[in-house]
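Commentary on secondary and tertiary structure
Residue strings, one per chain:
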Protein chains: 2
Amino acid sequence: MNNQIEIQLSAKRKEKPSFSDLKFGKTYTDHMFIMDYSREKGWYDPRIVPYQPITLDPAATIFHYGQTIFEGLKAYKNENEEVFLFRPEENFKRLNRSSVRLCIPEVDEDLALEALVKLVSIDRDWVPDVKGTSLYIRPFTISTEPNLDVTPSQKYRFMIIMSPVGAFYKEGMNPVKIAVESEYVRAVRGGTGNAKTAGNYAAAMLVQEKASAAGYSQVLWLDGKENKYIEEVGSMNVFFKINGEVVTPELSGSILEGITRKSVIELLKHWGVPVSERRISMEEVYEAHQNGQLEEAFGTGTAAVISPIGELFWNGEIISINDNKTGELSLKIYNTLTGIQIGKEDDPFGWRVKVE
Amino acid sequence: MNNQIEIQLSAKRKEKPSFSDLKFGKTYTDHMFIMDYSREKGWYDPRIVPYQPITLDPAATIFHYGQTIFEGLKAYKNENEEVFLFRPEENFKRLNRSSVRLCIPEVDEDLALEALVKLVSIDRDWVPDVKGTSLYIRPFTISTEPNLDVTPSQKYRFMIIMSPVGAFYKEGMNPVKIAVESEYVRAVRGGTGNAKTAGNYAAAMLVQEKASAAGYSQVLWLDGKENKYIEEVGSMNVFFKINGEVVTPELSGSILEGITRKSVIELLKHWGVPVSERRISMEEVYEAHQNGQLEEAFGTGTAAVISPIGELFWNGEIISINDNKTGELSLKIYNTLTGIQIGKEDDPFGWRVKVE
């Protein structure tokens, strides 16, 4: 395979939206990265081209059998106009793990990272510099062969598209209200829960809609086997601080291996805060609440980084956490991670990648 | 909404493949049906147009969050050149049930059926007339709005494409070998198992590939909660004849409500053969085999109609069924259903729809 990334710049640049009033995922930058795959050639023609529609046969398997995986990460620009990525190599490692589960060919992680850095560099002016904003980056692979047989596609397309996004917390951190879902499930061990694939998100929408209609901003998912153990919050991982110990569900096979999750665990260990990855049931959280030991709870993900949980609704009961205020540890983690991401804090772990 | 179907015929017709040597899902007919949806207009512009590629923004939610559902049915042509559909209204009912689970707007079932009949009528020459062949029909809906926010799309496209397919049994019925899967699962109660949606098929591919590599043609799926109760075979429903009684897994929420499944149950009741929909475990099947009471087993689906199972591989043991030969009842059901489909048998249930 020829690993040389060909670059075709856009003749005219689009008008940029106001960086102080950005919606999530509505505007896209001037360029995108594409690479194609066929069984004979492997991955070929890596190229950066003007952002444009793609054309597919209606029988392309992506429309029927959902062979697709994606990643999400961000580029940050600080007041010195420096642009940073946060642990992007972890995204491509996970992209490849997801690919294996979905019978999608793996990409060369180094090449993907090189493409990403080049793309961000070319569209550098699209990285917003208003406090809290960022450039959201979406690498994804879709199956493209026209074939209604239920069998892995012989053709794929890997792409990276980018969108400037607004600050998650415009008016400071607001702890969210979460509904615990006891009927529907997001994933089950042996399924695709630990792969970042479309079907998991499609499965969750109905429940998310119901929760929103009832005034909750997210759903807390329980395990598919016993409807008992905590899995994720919406599309975030979840942490509880109980009597001084931070607990997050272990990687059981049905939850996503979040990169923010991993970073939080590493940070807590570095700080000497007790942290454990283990099974945790809603009963345990409820009992901790009753005993006054449920100190903090928060979700982790690329979008919010840290999302404090103020209230859980479970079996008709309201579990209020830290008087609906952001916890001290939650805030400290948030400030440290965002500080590292934007280049304001030391980076003892080497998590930042600077885009020249 | 304007329900008038606009028809734009293809200026030139494609060359047809040889009807005695058709592959599944590789060639498509001259025309397709399209209808679009927006939140403001509802479903609009129903139209039959030349078969052609579709163009989408790379941020269209179908590529990221998998909001898509589909159906599969067939048109049959007999030696009198009559063309029939089999229970097509059931497909559109199920399409709408699937849509609700995936937060996709429902279509007008009557309009969809009218569009389907018109489309088949226009591409009538594509319905192959060689024994056992048929025209495979694929209605499907995809979400098309460019939006990386994980929320139901505000735009959709409903399409019907068609492909002539060869006889499933070219050299008579061959009972298949099936591997029982005890690690991976296809779906779990509370998930999307009873919706005909891409993610279920994507989840199954890895396991199907492993089974194929080990010499098995399909996988038998167990339930996601206890890995104990039988769910489906590959992408078919499954039936067992045990000591004179026909048993098929009940509609628990995680298996597909097959139309062939439903037809088999109705046919058996009509014949006075005991049939029950209930939970059935692999242990029960194994014990029936040990006691000599496991008389027949078969899968049901649109592709094969009836697929006799000759062998199950479970926990290191081979369960051989009816000496690896097609059972008497399996064959009778197959002959009756295919006879009704092609117009050779009486149709006491009114299952056939003739395409003029």
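The rules behind each value
Every residue gets a number counted from 1 within its own chain, in the order that chain's sequence is written. Chains carry letters and ligands carry numbers; both start at the beginning, A for chains and 1 for ligands, and go up in the order they are written. The predicted origin of the model limits local features to residues at a pLDDT of at least 70 and limits the giving and counting of side-chain atom pairs to 80 or more, whereas totals for whole chains, interfaces and linings rest on all residues. Side-chain numbers come from the whole structure's heavy atoms, not from hydrogens or water. By definition, any uninterrupted DSSP run of H or I lasting at least four residues is a helix, any uninterrupted run of E lasting at least two residues is a strand, and each is numbered from the N terminus. Atoms considered for the radius of gyration are the C-alpha atoms alone. The globule rule reads 2.2 Å times the number of residues to the power 0.38. Only protein chains enter the accessibility calculation, which uses a 1.4 Å probe; a residue is then buried when its area is under 20% of its type maximum, exposed when over 50%, and partly exposed in between. Residue contacts follow a heavy-atom distance rule, with two residues in contact if any of their heavy atoms lie within 4.5 Å. In this tally Asp and Glu are treated as negative and Lys and Arg as positive; neither His nor the chain ends contributes. To locate a charge, take atom NZ for lysine, CZ for arginine, CG for aspartate or CD for glutamate. Buried area, as used here, totals the accessible surface that two parts lose on assembly, with accessibility defined by a 1.4 Å probe and the loss added over both. By definition here, a salt bridge exists when the distance from a side-chain nitrogen of Lys or Arg to a carboxyl oxygen of Asp or Glu is within 4 Å. Counting of polar contacts relies on pairs of N or O atoms within 3.5 Å, with two restrictions inside protein: one atom must be capable of donating a hydrogen and the other of accepting it, and residues adjacent in sequence are counted only when both atoms are side-chain atoms. In this count, Pro and Cys sit with the nonpolar residues alongside Ala, Val, Leu, Ile, Met, Phe, Trp and Tyr, while Asp, Glu, Lys and Arg are called charged and the others, Gly among them, polar. Strands are treated as partners if at least two bridges between them are detected by DSSP. For this overlay, a least-squares fit was computed on C-alpha atoms, restricted to residues scoring pLDDT of at least 70 in both copies. Cavity and pocket criteria rest on a 1 Å grid covering protein atoms alone: a 1.4 Å probe that fits but cannot get out defines a cavity, protein on both sides within 12 Å along at least 5 of 7 lines defines an open pocket, and an atom within 4 Å of a point defines a lining residue. Grid points are joined across faces, edges and corners, and a volume is the space filled by probe spheres set on the points. These domain boundaries are the output of an automatic or database domain assignment. Working rule for helices: expected span equals 1.5 Å times residues minus one. By arc we mean the arc of the directions from the helix axis to the C-beta atoms, nothing more. Take the buried Ala, Val, Leu, Ile, Met, Phe, Trp, Tyr and Cys residues and link them wherever side-chain atoms come within 4.5 Å; each set so joined is a nonpolar core.

A closer look at the overall build of chain A
Scanning chain A for helices and strands turns up seven helices and 19 strands. Relative to a compact globule of 356 residues, whose C-alpha radius of gyration would be 21 Å, chain A shows 21 Å and is just as compact. Each principal axis of the C-alpha distribution contributes one length, and for chain A these read about 60 × 50 × 35 Å. Across the 356 residues that make up chain A, the buried fraction comes to 60%. In chain A, of all internal contacts separated by at least 6 residues, the share reaching a separation of at least 24 is 71%. Counting 41 positive and 50 negative side-chain charges, chain A places the centres of these two groups 2 Å from one another.

Some details on the interface of chain B and chain A
When the parts of a complex come together, some accessible area is lost, and that lost area is often used as the size of the interface. Facing 59 residues of chain B, the contacting portion of chain A comprises 59 residues. For the pair chain B and chain A, the summed buried area comes to about 4,900 Å², and 64% of that belongs to carbon and sulfur atoms. If you look at where chain B meets chain A, you find two salt bridges. Joining chain B to chain A, the criterion identifies 23 residue pairs in polar contact (both at pLDDT 80 or more). Looking at which element gives the most residues to the side of chain B that touches chain A, the answer is helix 4 (residues 198–213) of chain B, with eight residues. Grouping the constituent residues of the side of chain B that touches chain A by class yields 34 nonpolar, 15 polar and 10 charged. Where strand 4 (residues 54–56) of chain A and strand 4 (residues 54–56) of chain B come together, three bridges link them in antiparallel fashion. The residue of strand 4 of chain B that forms the bridge with A:Thr55 is B:Thr55.

Let's talk about the relation of the copies chain B and chain A
Turning one copy of the chain about an axis and sliding it along that axis gives the other copy, so a rotation and a shift relate them. Once turned by 180° and shifted 0.0 Å along the axis, chain B lies on chain A with an RMSD of 0.0 Å. On the angle and the small slide along the axis, the relation comes out as a two-fold axis. The overlap is high: 100% of the interface residues of chain B also sit at the interface in chain A, so the same surface is used on both sides.

A few points about the pairing of strand 8 (residues 134–143) of chain A
Residues in a regular strand point their side chains to alternate faces of the sheet. Residue and element names in this part refer to chain A. The element strand 8 is extensively covered by neighbouring structure, given that 10 of its 10 residues are classed as buried. Because side chains alternate across strand 8, one face comprises the buried residues Ser134, Tyr136, Arg138, Phe140 and Ile142, and the other comprises Leu135, Ile137, Pro139, Thr141 and Ser143, equally buried. Two strands pair when backbone bridges link them, and strand 5 (residues 68–70) and strand 8 are joined in this way by three bridges, in the antiparallel orientation. Residue pairing in the sheet places Phe70 in a bridge with Phe140 of strand 8. One ladder, built from three bridges, connects strand 6 (residues 73–77) with strand 8; its direction is antiparallel. For Lys74, the partnering residue across the bridge sits in strand 8 and is Tyr136. Sheet topology places strand 8 next to strand 9 (residues 155–165); 10 bridges connect them, and they run antiparallel.

Details of empty space enclosed by the protein
Left-over empty space is what a probe sized like a water molecule reveals as it rolls over the atoms. Considering all chains together, one arrives at three cavities of 30 Å³ or more under this definition. Contributing to the lining of the largest cavity are 27 residues, with A:Arg186, A:Thr192, A:Asn200, B:Arg186 and B:Thr192 lying nearest its centre. Of all elements in the fold, only helix 4 (198–213) of chain A together with helix 4 of chain B reach the threshold of two or more residues within the lining of the largest cavity. By residue class, the composition of the lining of the largest cavity is 12 nonpolar, 13 polar and two charged. Taken as a whole, the second largest cavity spans an internal volume of roughly 100 Å³. Of all the elements, strand 6 of chain A adds the most residues to the lining of the second largest cavity, at three residues. In the lining of the second largest cavity, the residues fall into five nonpolar, six polar and one charged.

Regarding the domain arrangement of chain A
All names here are of chain A. Domain boundaries in chain A define domain 1 (6–165) and domain 2 (176–342). The centre of domain 1, based on its C-alpha atoms, is set 27 Å off from the matching centre of domain 2. Tallying the contact residues gives 22 residues for domain 1 and 21 residues for domain 2. In this assembly, domain 1 packs against domain 2 so that about 1,900 Å² is buried in total across both faces, 57% of it on carbon and sulfur atoms.

Comments concerning the side chain of A:Arg138
Among the structural elements, A:Arg138 can be located in strand 8. A distance of 3.0 Å separates a polar atom in the side chain of A:Arg138 from the backbone oxygen of A:Glu71. At 3.0 Å, the side chain of A:Arg138 and the side chain of B:His64 are in polar contact. Not counting the four nearest positions on each side in its chain, A:Arg138 is found in contact with A:Phe70, A:Glu71, A:Met159, A:Ile160, A:Ile161, B:His64, B:Tyr65 and B:Leu148.

Points about helix 3 (residues 109–122) of chain B
Residue and element names in this part refer to chain B. Taking 1.5 Å per residue as the helical rise, helix 3 with its 14 residues ought to reach 20 Å, and the 20 Å between its terminal C-alpha atoms agrees with that figure. Buried within helix 3 we find Leu111, Ala112, Ala115, Leu116, Leu119 and Val120. Around the axis of helix 3, the buried residues are gathered within 165° of arc, so they sit on the same side. Two or three places before Asp110, at the start of helix 3, stands the capping residue Asp108, its side-chain oxygen 2.9 Å from that residue's backbone nitrogen.

What to know about the nonpolar core
Within the largest apolar cluster, 66 residues are counted, with the highest numbers of intra-cluster contacts made by A:Met32, A:Phe63, A:Ile161, B:Met32, B:Phe63 and B:Ile161. Setting aside residues no more than four positions away along its own chain, B:Ile161 makes contact with A:Pro58, A:Ala59, A:His64, A:Leu148, B:Tyr28, B:Met32, B:Tyr51, B:Tyr136, B:Ile137, B:Arg138 and B:Phe140.

Quick word on the environment of B:Gln154
Residues and elements named next belong to chain B. As for its placement among the helices and strands, Gln154 is situated in the loop between strand 8 (134–143) and strand 9 (155–165). Along the chain, Gln154 and Arg39 lie 115 residues apart, while their C-alpha atoms are 5.5 Å from each other. Among residues more than four places away in sequence, those in contact with Gln154 are Tyr37, Ser38, Arg39, Glu40 and Glu145.

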